[in-house]
Amino acid sequence: MRRLLITGLLAALGTLPGSTLRQLNLDDMIRQSTMIVRGTVQPANSVYHGSVIFSHYTVQVTETYKGSVSTQIDFGVPGGSLNGAIQRVAGAPNLSTGQDYVLFLWTSKTGLTQVIGLSQGLFSVISATGAAPIVVRAAAMERTLNATGQPVSDNDIRMPLSALKTEIASVLSGQSTE
Amino acid sequence: MKRSWVARWVVLVFACLVLTTNGWGYYFYVLYNTGSGPFNQPIVEKFNLNSLVNNTVPFFISDAGPAVLAPGDSFQAIIGEIRGAAAVWDSVSTSQLRLGFGGLFTAGAASETSPGIDIEFSDDIPPGLVAYTVHEVTGNLSFGSGGLIVPIVRSRIYLPNDLTQVPTYGDFPSYSEPFFVTMVHEFGHSLGLQHTLTSSVMSTIYTSAASKAAPLGADDIAGVSVLYPADKYLGTVGSLSGRVMRGSTGLGLASVVALSITSPAISTLTNPDGSYRMDGVPPGQYLVYAHPLPPALYGESSPDNIIYPTDVNGNPLGLNYNAFATQFFTGNYGGTRDANQGYSTPVFAGELTSGVDFHVESRPFQAVYAVRTYGFSSTNVPVTSPPLTRGMPTPSPVAAAGGGLLEANNSNNVITPGLSISVLGTAATASNLRAYPPPTPYIAVDVQVNVTAGEGPKHLLFATPDDVYVLPAAFSVVVSAPPSITSVTPSLDSNGNRIVLIAGSNFIANPVTSTAVATTILFDGLPGVIQGTTKSGQLIVTPPPGQNGYSATVEALNSDGQSSLFLQPTPPTFSYGGGLSATPTAGAVPSLSVTPKLLVAGSPATVDIVGTNAFFIAGQTLVGFGTSDVVVNQVTVLSSNHLSVQVTPNVTVATSGINVTTGLEVISQAMGNQVTTANPKQ
């Protein structure tokens, strides 16, 4: 009886309580993003938004999955250096110039566009010769190979790009079962 | 003026010559004076105590407040809870750093030149994020207390502007456990602490065991104390040192943990060459183990969202994520995964226990990682690191979520083959490991606490055939149920002072004086003063001052880590009523008359403040000018509506206002004073 009770409560909780980050699932990100695009990033400039330095990047958009179509989008990542000040934000996404990404972006009321969920909305696109491209949550890139060169398997988000596109289209059309 | 890197190196080389080698412990923000080693002179980012008045970092709360509050919440309550969270760090006696409430500030109004912490409410926090902290440095090196440091010049904590749409929680009332623990966590970042893996308040969502009643773990206390050691503190604690090696290679960013069966864990990270030194360890016998950082979890940009160390030019040191099998120190080469075979390593006050080395084996990834445990109170409130009552006839279920507990890529919730769970030591036994039905990805065990078990945190071991994971403070042993409050009754004492009679159960008596009570009663995050108990067992409490008509939530916190929120997630309230002739009537708008209107930078001054509809109390009334560049040296209460304040304005700033805080009442008045430039000829 007690087990059943606990099971019900745990299920009702849905996600874990936490102190800083909430885990967004894929459908959450699709719904709450204001733009979802694929493209490569280039660092732009650093700008203060209020008291926080944001390192801005420009996305050269190759595909748009949500939001109005644009060839270039600017977004900011909290933290950076400007005028002698250095600000650090734990969990801010690490971006590689020229890397092919799918970005789930969110624009605030103030007009600032960021990656949703700090790093959660950043996916690397991996295209191998002769294989369909796959998307991998970016942070997982750090451990796709371990110190001995062996592939690491875990339960990260890793799916064909085509499947991600299908899921996005499904959620946006209201057909997702989740 | 920003110093060139060449100049910094000159300072640095000099520093290395004159300073003795310091160890570093815990998870600080670290730089090294070399990119290639030896890495024996880590440089940490922290507040420079030499730049602070009375070792106190002032913190300020944006006067804009959150735009949308949770139902029943108030900005005053939020201020009270944030002050309560700051008091958690302020009360660490082994740290000389203090936090002082500097009042409200107007974001962007002043360009601060003195260190401080700002708390703002932002519309720019993206979905998936509850709060975050930015700390700002200039990159310049300075001599601070304890040696060469990179001084933090400003820390800023950001909370959502809409506290009804906070991820996971929806409503995020200030009295709640998550709000308070989040604030304590973010304050820790603001002081220079990174995430740890020891179930402390500085742990991430994934492993934190912190609660409102017991927010700090031993690791948090040691961390802040080593960063800002109080006088003679380091002589009262000991140190451990050694190296974590894989073959002939030292492993950087390995976590080394010291814990005992009866005490919480203390930890550190290894230097890039695998060496480590853990300071701040209380004397005693410890099991010492090394484990890898967990893989970066969903939403993290690095393992545990750690900001990796760099060289002094900000260049990365080539550190990579390294997984290896967790190992307990055995006193000789080899180590063990069997905690029972671990060597009981002694730590003596003021001494270093060296040679605590590990020779670990690589693994593709950690078998089990990032586990958090849950239990449920009798009113079905979920509680992390659950308290289990000693003497219960039947075992208590403890649920757990984390990596590696269930088979990967199997939606049927199948326990990972070979996984077993046991309790470190003899305080309890764990049995009946099971998975919950899908889709909820949890497991559970039944834990039976032995009748002879001591109180306090206990640790779980998650063993697989080729690895082991240790979860410090997975549960705690208590001797009674959580406190609960059944009634809150306003009253007056024989002198006409406001008191509150609190009826309830499981309040803890002070073990030293039978008449006092160890339970703490909070009113919107600020403690009341317990004066005693009535014949019927009610607590007689003097609440913090508050304006007539104000309503405050009331919670009971016990020293065993349990709170009335475990049973009553929506706490009862206390309404500040009339009856005190000296206090303003309900609804009366307070205001301040301030003299002089002008403060001259660099010249200490006395500010005279007369309040209307205000009530000042000696020792409880605070004055702030909305900036850390105006230092309040002393507040003297001349009468219940008259203050004399000694201040030292530092530099030219446009003061956004003056605010006077007494208990839960905050009187904020824009442009009460202006600070102007000191005459450069003087």
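Residues numbered from 1 in each chain as written. Chains lettered and ligands numbered in written order. Predicted model: local features only at pLDDT ≥ 70, side-chain atom pairs only at ≥ 80, totals over all residues. Heavy atoms only, no water.

## Quick notes on the overall build of chain A
The condition that has to hold: Only DSSP runs of H or I with at least four residues qualify as helices, and only runs of E with at least two residues qualify as strands; both kinds are numbered from the N terminus onward. Buried means the residue's accessible area, taken with a 1.4 Å probe over protein chains only, is under 20% of the maximum for its type, while exposed means over 50%, and partly exposed covers the values in between. We call two residues in contact when some of their heavy atoms are within 4.5 Å. All accessible-area figures derive from a Shrake-Rupley calculation using a 1.4 Å probe, and residue coverage is judged against the displayed protein chains alone.
Regarding its fold elements, chain A presents 3 helices and 10 strands. For chain A, the sequential pattern of α-helices and β-strands runs α-α-β-β-β-β-β-β-β-β-β-β-α. Relative to its full complement of 178 residues, chain A shows a buried share of 51%. Counting contacts in chain A only where the partners sit at least 6 residues apart, residues at least 24 apart contribute 55% of the total. For chain A, the accessible surface area stands at approximately 7900 Å², while carbon and sulfur atoms represent 53% of it.

## Re the side chain of Ser-563 of chain B
Residue and element names in this part refer to chain B. Note the following rule: Think of a polar contact as two N or O atoms within 3.5 Å of one another; within protein, one of them needs to be a possible hydrogen donor and the other a possible acceptor, and neighboring residues in sequence only count if both atoms come from side chains.
Within the fold, Ser-563 resides in the loop between strand 35 (551–557) and strand 36 (573–575). There is a polar contact of 3.3 Å between the side chain of Ser-563 and the side chain of Glu-177. A distance of 3.0 Å separates the side chain of Ser-563 from the backbone nitrogen of Leu-565, its partner in a polar contact.

## Some thoughts on the pairing of strand 1 (residues 35–49) of chain A
Residue and element names in this part refer to chain A. The criterion, for reference: For two strands to count as paired, DSSP must find a minimum of two bridges between them.
The pairing of strand 1 with strand 6 (residues 100–107) spans 6 bridges and is classified as antiparallel. From the neighbouring strand, Val-37 faces strand 6, where its bridge partner is Leu-103. Sheet analysis places strand 1 next to strand 2 (residues 52–66), joined by 12 bridges and oriented antiparallel. Its bridge partner lying in strand 2, Val-41 is registered against Val-59.

## Observations concerning the sheet that holds strand 28 (residues 467–478) of chain B
Residues and elements named next belong to chain B. How we decide: Structural elements are reduced to axes, namely lines fitted to C-alpha atoms, with helices fitted over the stretch in contact, and the angle between N-to-C directions of any two is expressed from 0 to 180 degrees.
The mixed open sheet is built from 4 strands, whose spatial order is 22-28-27-24. Among the strands making up the open sheet, the edge pair consists of strand 22 (387–389) and strand 24 (420–423). Between one strand and the next, the sheet's axes are offset by a mean angle of 40°, whatever the strand orientation. In terms of strand pairing, strand 27 (residues 456–464) meets strand 28 through 8 bridges, oriented antiparallel. When the sheet's bridge partners are listed, Ala-463 is paired in strand 28 with Val-468.

## Quick look at unusual backbone geometry
All names here are of chain B. Residue Pro-439 is reached from Pro-438 by a cis peptide bond, and omega for that bond is 10°. The linkage connecting Thr-595 with the following residue, Pro-596, adopts the cis geometry, with an omega of 0°. By secondary structure assignment, the location of Pro-596 is in the loop between strand 37 (591–595) and strand 38 (598–600). Its identity as a non-glycine residue notwithstanding, Ala-370 has a phi of 50°, on the positive side. Topologically, Ala-370 is positioned in strand 20 (residues 369–376). A positive phi angle, close to 60°, is found at Asn-432, a residue other than glycine.

## Some details on the pattern of salt bridges
Residues and elements named next belong to chain B. Quick note on the threshold: Any carboxyl oxygen of Asp or Glu that lies within 4 Å of a side-chain nitrogen of Lys or Arg is treated as forming a salt bridge with it.
Within this structure, the stated rule accounts for 15 salt bridges over all chains. Its salt-bridge partner being Glu-81, residue Lys-212 comes within 3.1 Å of it at the nearest N-O pair. Here Lys-212 is found in the loop between helix 3 (177–191) and helix 4 (218–227), whereas its partner Glu-81 is found in helix 2 (residues 75–90), with 131 residues between them in sequence. With respect to burial, Lys-212 and Glu-81 carry one shared label: buried. Across the pair Glu-555 and Lys-212 runs a salt bridge whose closest N-O atoms are separated by 2.8 Å. Placement of Glu-555 in strand 35 and of Lys-212 in the loop between helix 3 and helix 4 is noted, with a sequence separation of 343 residues between them.

## A word on helix 2 of chain B
Residues and elements named next belong to chain B. We apply this condition: The span one expects for a helix is its residue count, reduced by one, times 1.5 Å.
In this model, helix 2 (16 residues) spans 22 Å end to end at C-alpha, consistent with the 22 Å of a helix rising 1.5 Å per residue. A large share of helix 2 lies buried, amounting to 12 of its 16 residues. Considered for burial, the residues of helix 2 that qualify are Ala-77, Ile-78, Ile-79, Gly-80, Glu-81, Ile-82, Arg-83, Gly-84, Ala-85, Ala-86, Val-88 and Trp-89.

## Section: helix 3 (residues 161–172) of chain A
All names here are of chain A. In a regular helix each residue adds 1.5 Å, so 12 residues correspond to 16 Å; helix 3 covers 16 Å between its end C-alpha atoms and thus fits that length. Along helix 3, the residues that are buried comprise Leu-161, Leu-164, Ile-168, Ser-170 and Val-171. Backbone geometry just downstream of helix 3 places Gly-174 in the positive-phi region, at approximately 80°.

## Quick word on the sheet that holds strand 26 (residues 443–449) of chain B
All names here are of chain B. Ordered in space as 21-20-23-26-25, the 5 strands form an open sheet in which the pairing is antiparallel. Sheet topology places strand 21 (382–384) and strand 25 (428–435) at the edges, where each strand pairs with a single neighbour. Each strand of the sheet is rotated relative to its neighbour by a mean of 35°, with strand direction disregarded. Sheet topology places strand 23 (residues 396–403) next to strand 26; 5 bridges connect them, and they run antiparallel.

## Topic: the packing of aromatic side chains
The way to describe two aromatic rings as a pair is by their centre distance and the angle between their planes. All names here are of chain B. Rule in force here: Aromatic pairing here means that ring centres of Phe, Tyr or Trp (its six-membered ring) are within 6.5 Å. Orientation follows from the plane angle: under 30 degrees is stacked, over 60 is edge-to-face, and everything else is tilted.
Taken as a whole, this structure holds 17 aromatic pairs over all chains when the rule is applied. Summarising the aromatic geometry, the rings of Phe-172 and Phe-179 are spaced 5.5 Å apart at their centres and angled 55° between planes, so their arrangement reads as tilted. With respect to burial, Phe-172 and Phe-179 carry one shared label: buried. A ring pair is formed by Tyr-374 and Tyr-442, whose centres lie 6.4 Å apart and whose planes are at 80°; its orientation type is edge-to-face. Of this pair, Tyr-374 sits in strand 20 while Tyr-442 is found in the loop between strand 25 and strand 26, placing the two residues 68 residues apart along the sequence. Of the aromatic side chains, those joined through ring pairs into one cluster are Phe-523, Tyr-550, Phe-574 and Tyr-576.

## Observations regarding the packing of helix 2 of chain B against helix 3 of chain B
All names here are of chain B. Keep this limit in mind: Every angle not falling under 35 degrees, over 145, or within 65 to 115 is termed oblique; those three ranges are roughly parallel, roughly antiparallel and roughly perpendicular. Take the far helix as the reference: if the near one is turned anticlockwise from it by less than a right angle, the crossing is left-handed, and if turned clockwise, right-handed. Under the scheme applied here, ten amino acids are nonpolar (Ala, Val, Leu, Ile, Met, Phe, Trp, Tyr, Cys and Pro), four are charged (Asp, Glu, Lys and Arg), and all others, including Gly, are polar.
For the pair helix 2 and helix 3, the least separation of the axes is 9 Å and the interaxial angle reads 50°. One finds that helix 2 runs oblique with respect to helix 3. As helix 2 runs across helix 3, the sense of the crossing is right-handed. Across the interface between the two elements, Ile-78, Glu-81, Ile-82, Gly-84, Ala-85, Ala-86, Val-88 and Trp-89 of helix 2 pack against Phe-179, Phe-180, Met-183, Val-184, Phe-187, Gly-188 and Leu-191 of helix 3. Broken down by class, the residue content of the contact of helix 2 with helix 3 amounts to 12 nonpolar, 2 polar and 1 charged.

## As for the confidence of the model for chain A
Residues and elements named next belong to chain A. Our working rule: Here pLDDT means the predictor's own confidence in every residue, given as a number from 0 to 100.
Chain-level pLDDT for chain A is 77 on average; 74% of the residues reach the 70-or-more range. Residue range residues 1–20 is modelled with pLDDT below 50. Its contacts to residues more than four positions away, or to other chains, number 49 contacts. Between residues 140–155, whose pLDDT stays under 50, and residues either more than four places distant or in other chains, the model counts 33 contacts.

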